[in-house]
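Secondary and tertiary structure notes
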Amino acid sequence: MNVGEVSAWAAENLKDQGVVVARDYKFMCSSLGQELIQKDIKEQGLTRVVVAACSPHLHEATFRNACSRAGVNPYLFEMTNIREQDSWVTTDKEEATKKAKALVAAAVGRVAYQKPLESLLVPIDPNVLVVGGGIAGIQASLEIANSGQHVYLVEREPSIGGHMAQFDKTFPTLDCSACILTPKMFDVGNHKNITMLTWSEVEKVEGYIGNFTVTIRKRARDIDEELCTGCGVCWEKCPKKVLDNVFEAGMGNRKAVYVPFPQAVPKYPVIDRENCTYYLKGTCKACEKFCPTGAIKFNQEDQILTVKVGNIILATGYDLFDSHRITQYGYGRLANVFTSLEFERMSNSAGPTGGKIVQRDGKTAPKVVGIVHCTGSRDKNYHEYCSAICCMQSLKFAHLVKEKTGAEVYEFYIDMRTPAKTYEEFYHRLLEEGTHFVRGKVAEISDAVRLPGEEGKLIIQVEDTLTGNQLRVPVDMAILSAGLESRHDAKIVARKFGISCSADSWFIERHPKLDPVATMTDGVFVAGACQGPKDIPNSVAQGAAAAARVLSIIGQGEIEIEAATAIVDEVTCVGCKQCIASCPYQAIQYLEDKGKAYVQEALCKGCGTCVGTCLPKSISLKHFTDEQIVAEMIGAMKVMKSFELMEVA
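A short tour of the structure in this document, coming up. (Residues numbered from 1 in each chain as written. Predicted model: local features only at pLDDT ≥ 70, side-chain atom pairs only at ≥ 80, totals over all residues. Heavy atoms only, no water.)

**Overview of the overall build of the protein chain**
Of the regular secondary structure elements, the protein chain holds 17 helices and 32 strands. Dimensions of the protein chain along its principal axes, counting C-alpha atoms only, are 90 × 65 × 45 Å. With 649 residues in all, the protein chain has 50% of them scored as buried. Accessible surface, the protein chain: about 30,400 Å² in total, of which carbon and sulfur atoms supply 51%. For the protein chain, the distance from the average site of its 72 positive side-chain charges to the average site of its 79 negative ones is 3 Å. (Helix = DSSP H or I, 4+ residues; strand = E, 2+ residues; numbered from the N terminus. Buried < 20%, exposed > 50% of the residue type's maximum accessible area, 1.4 Å probe, protein only. Areas by Shrake-Rupley, 256 points an atom, 1.4 Å probe, with all protein chains shown as cover. Lys, Arg positive; Asp, Glu negative; His and termini not counted. Charge placed at Lys NZ, Arg CZ, Asp CG, Glu CD.)

**Let's talk about the packing of aromatic side chains**
This model, assessed by the stated rule, comprises 12 aromatic pairs. Ring geometry for F63 versus F77: centroids 5.9 Å apart, planes at 35°, classification tilted. Note that F63 is positioned in helix α3 (residues 56–69) and F77 in strand β2 (residues 77–81), a separation of 14 residues in sequence. Residue F77 is classed as buried on the basis of its relative accessible area, which comes to 0%. With a centroid separation of 4.8 Å and 15° between ring planes, the pair formed by F247 and F261 is classed as stacked. In this pair, F247 is assigned in the loop between β11 (241–244) and β12 (252–255) and F261 in the loop between β13 (257–258) and β14 (270–271), connecting sequence segments 14 residues apart. The exposure class assigned to F261 is buried, which follows from its relative accessible area of 8%. The positively charged end of R254 is found above the aromatic ring belonging to Y258, 4.0 Å away from the centroid. (Phe/Tyr/Trp six-rings, centres within 6.5 Å; stacked < 30°, edge-to-face > 60°. Lys NZ or Arg CZ within 6 Å of the ring centre and 35° of its normal.)

**Remarks on the sheet that holds strand β23 (residues 458–464)**
With respect to topology, three strands assemble into an open sheet ordered β22-β23-β24, the strand pairing being antiparallel. The two strands at the open ends of the sheet, each matched to only one other strand, are β22 (442–446) and β24 (469–475). Direction aside, neighbouring strands of the sheet carry axes that sit 20° apart on average. Pairing of β23 with β24, which is carried by seven bridges, proceeds in the antiparallel orientation. Bridging across to β24, D464 finds its partner in N469. (Pairing = 2+ DSSP bridges. Axes fitted to C-alpha atoms, helices over the stretch in contact; angles between N-to-C directions.)

**Looking at the nonpolar core**
By size, the foremost hydrophobic cluster in this structure holds 57 residues, and its most contacted members are I160, V188, I313 and F525. In terms of residue count, the dominant contributor to this core is helix α5 (residues 135–146) (seven residues). For V188, the residues in contact, after removing those within four places along its chain, are I138, L142, L153, I160, I194 and M196. Listed in part, the 37 residues of the second largest apolar core include F343, I371, A398 and L484. (Core = buried A, V, L, I, M, F, W, Y, C linked by side-chain atoms within 4.5 Å. Contact = heavy atoms within 4.5 Å.)

**A few points about helix α4 (residues 93–111)**
Given a rise of 1.5 Å per residue, 19 residues ought to cover 27 Å, and the 27 Å separating the end C-alpha atoms of α4 matches this to within 8%. Of all the 19 residues making up α4, 15 are buried; the element is thus mostly covered by neighbouring parts of the structure. Looking at where α4 begins, the residue whose side-chain oxygen comes 3.1 Å from the main-chain nitrogen of E94 is D92. (Expected span 1.5 Å × (residues − 1). Polar contact = N/O pair within 3.5 Å; in protein donor to acceptor, adjacent residues only side chain to side chain.)

**Description of α3**
Taking 1.5 Å of rise per residue, the 14 residues of α3 would be expected to cover 20 Å, and the 19 Å separating its terminal C-alpha atoms lies within 8% of that figure. Taken residue by residue, α3 has H59, T62, F63, R64, A66 and C67 as its buried positions. The N-cap of α3, judged by a side-chain oxygen 3.0 Å from the amide nitrogen of H57 a few residues on, is S55. Residue G71 follows α3 closely and has a positive phi angle near 95°.

**Quick word on the side chain of D222**
Mapped onto the fold, D222 is located in the loop between β10 (211–218) and α7 (233–237). Reaching out from D222, the side chain makes a polar contact with the side chain of R273 at a distance of 2.7 Å.

**Observations concerning unusual backbone geometry**
Residue P172 is bonded to the preceding F171 through a cis peptide linkage, with omega at -5°. Among the structural elements, P172 can be located in the loop between β6 (169–170) and β7 (175–176). Residue V265 is joined to P266 through a cis peptide bond whose omega torsion reads 5°. Along the chain, P266 falls in the loop between β13 and β14. Even without glycine at this site, D222 takes up a positive phi of about 65°.

**Structural notes on the sheet that holds strand β5 (residues 151–155)**
Pairing is parallel in the open sheet, where five strands are placed in the order β8-β5-β4-β16-β27. With partners counted over all chains shown, the strands left at the sheet margins are β8 (194–198) and β27 (524–526), one partner each. Geometrically, the sheet is characterised by an average inter-axis angle of 20° between neighbouring strands, direction not taken into account. Taken together, the three bridges between strand β16 (residues 311–314) and β27 define a ladder with parallel strand orientation. For I312, the partnering residue across the bridge sits in β27 and is V524. Relative to the sheet, α5 contacts β4 (128–131), β5, β8 and β16, its axis offset from that of β5 by approximately 165°.

**As for the pairing of strand β9 (residues 200–208)**
Where β9 and β10 come together, eight bridges link them in antiparallel fashion. Residue pairing across strands places E201 opposite R217, the latter belonging to β10. Count of turn residues in the β9/β10 antiparallel hairpin: two residues, of which G210 carries a positive phi of about 90°.

**Some words on a nonpolar patch on the surface**
On the surface, F624, I629, V630, M633, I634 and M637 cluster together into a nonpolar patch covering about 520 Å² of accessible area. Of note, M637 is situated in helix α17 (residues 626–648). On the accessibility criterion, M637 (53% relative accessible area) is exposed. (Patch = residues over 30% accessible without salt bridge, like charges linked within 9 Å, V, L, I, M, F, W, Y side chains within 5 Å. Salt bridge = Lys/Arg side-chain N within 4 Å of Asp/Glu carboxyl O.)

**Section: the packing of α5 against helix α14 (residues 536–556)**
At their nearest, the axes of α5 and α14 sit 8 Å apart, and the two run at 35° to each other. Classified by chirality, the crossing of α14 by α5 is right-handed. Residue-level contacts link I135, A136, Q139, A140, E143 and I144 of α5 to I536, S539, V540, G543, A544, A547, V550 and L551 of α14. (Left-handed = near helix turned anticlockwise from the far one by under 90°.)

**Here we look at the environment of D476**
With respect to the helices and strands, D476 occurs in the loop between β24 and β25 (477–482). Through-space distance from the C-alpha of D476 to that of I296 is 46 Å; in sequence the pair is 180 residues apart. If near-sequence neighbours (up to four positions away) are discounted, D476 is found in contact with N336, Q359, P366, K367, V368, K457 and L458. Reaching out from D476, the side chain makes a polar contact with the backbone nitrogen of K367 at a distance of 2.8 Å. Within polar-contact distance, the side chain of D476 engages the side chain of K457 at 2.7 Å.

**Examining the state of the cysteines**
With the rule as written, the count across this model stands at zero disulfides. Unpaired in terms of disulfides, C530 finds its nearest cysteine sulfur in C501, a separation of 9.5 Å. No disulfide involves C610; its nearest neighbouring cysteine sulfur is the one of C604, lying 6.1 Å away. For C610, a relative accessible area of 8% puts it in the buried group. (Disulfide = S-S within 2.5 Å.)

So, in structure tokens, the structure goes:
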């Protein structure tokens, strides 16, 4: 568009609406541009400012602060978006220029009716809630606790550690996962500033940044933690074996009373009531009979805890894609098709096979192994996104197979994605080790014999897109490198904490580039793979980043809250509660004594949903009043009408 023309037009044609000065400056958001605004405010005695530029989401705060420094209330500033809503949506320069003029006129009409508002200041409770005890939650907790602040770490499983505790080695350095994770778990379990609540879930969240009240259900372990020493006698003597579908991914058994893995933190076991013989039949009690400290308590009940915190970090992690869904790959039907997590447990020295890579019979080592990338990822039928870890994970698997069995390994990939530090070198290492790479998406895995040499084998059917040939590759074992997907209850958790999810149910950050750990709900942050697929280093970095953001808020002592909030007219409010049901931020309460609705301004985000819902029009939105919006519409329509008349003439 012709920005200079828009500026000159505004100076000439909007004088009667109060425009004193109009300037065209290419870098208005720079320090020089802001100084230009401040200079004009002081020299021209301006009481209102309009900036026509990019999205207010990006720079509205920048220009509001510039106005404040010059003595103008920040809510007497208006920003109109002539980038995303104009120049970026058309290639017609003339039409874009016309629309920009209309948008500027609309903003000028609106700003005349804007009123000065004062932001609220709320005190910050220094306590912090971290939800999720995987590596991201562990890192965030330790960063905050080491700074001297108190952390409540809530984990729904019996132990912290998350998925990382299940892994054997970590790419690309092939460090032992447990060796680098266990010390951090120990530090969390023994830190004076961390209250660790495992086997627990958050049930309710109330309040706002600086003043959240969180209700937590601490499920009954049926173990007295003060008496238990973690000696292990109870699970050794327990006669009931249960297939472990969680930690061992269905590859091994555990007892009805158990700790998930030997290095678990805390060391206290839990009793699986769904499989415990005592809870099913009222008999047994072997664990109670043999416990040397009398720590078994079958009558234990859930505890409901209420904690007050100022900030919350969500690090709830991910779920693994269910490979059963891709029926043509034969998982669950063909015995020697394994998922990536099953292979992790198999190759782990503390796993069900003691680290031996064997087929489903538990003893036969494979001679040829096929590894299928992008199972459930980069697939329009399931998830179109890349899961970020599958390529490197598959390369790691190939190395482990060769190291432990000497088997021939085929990697079937769509594209090789190794973008991080030393990742490409790891890929070249696998090339040198003799791994066969076939570029192409696997169509099918079957046991149908068509050619000599295929008897008793799995057949991987694939097109090699580099040569254009159709291949049938016989293997003894197929490993599906399953993608990452959001937690099954991500949307429920999001509603509980007042945040949003993407179309793929990942938690949405405030800004993907400039603010990747904050959310649109002040005081609620995200870290790790709950925000999107990422590997361990990125999860650790984001956990530390979220902790840094929280500590910066705590250090302020109090924080400024947006002043553009909804307000209820108690005279006309009929107490129908429709606004309460519609509010996505749970910012509206019902006052029983008055029979009226009430807006908690510290919780309100000024979205306006309640205004549109309220039938008697008893709710208004500060900074978005009817007269402001009508003036904005009239300003735009007058300009567009004048252009139409000019074209007719």
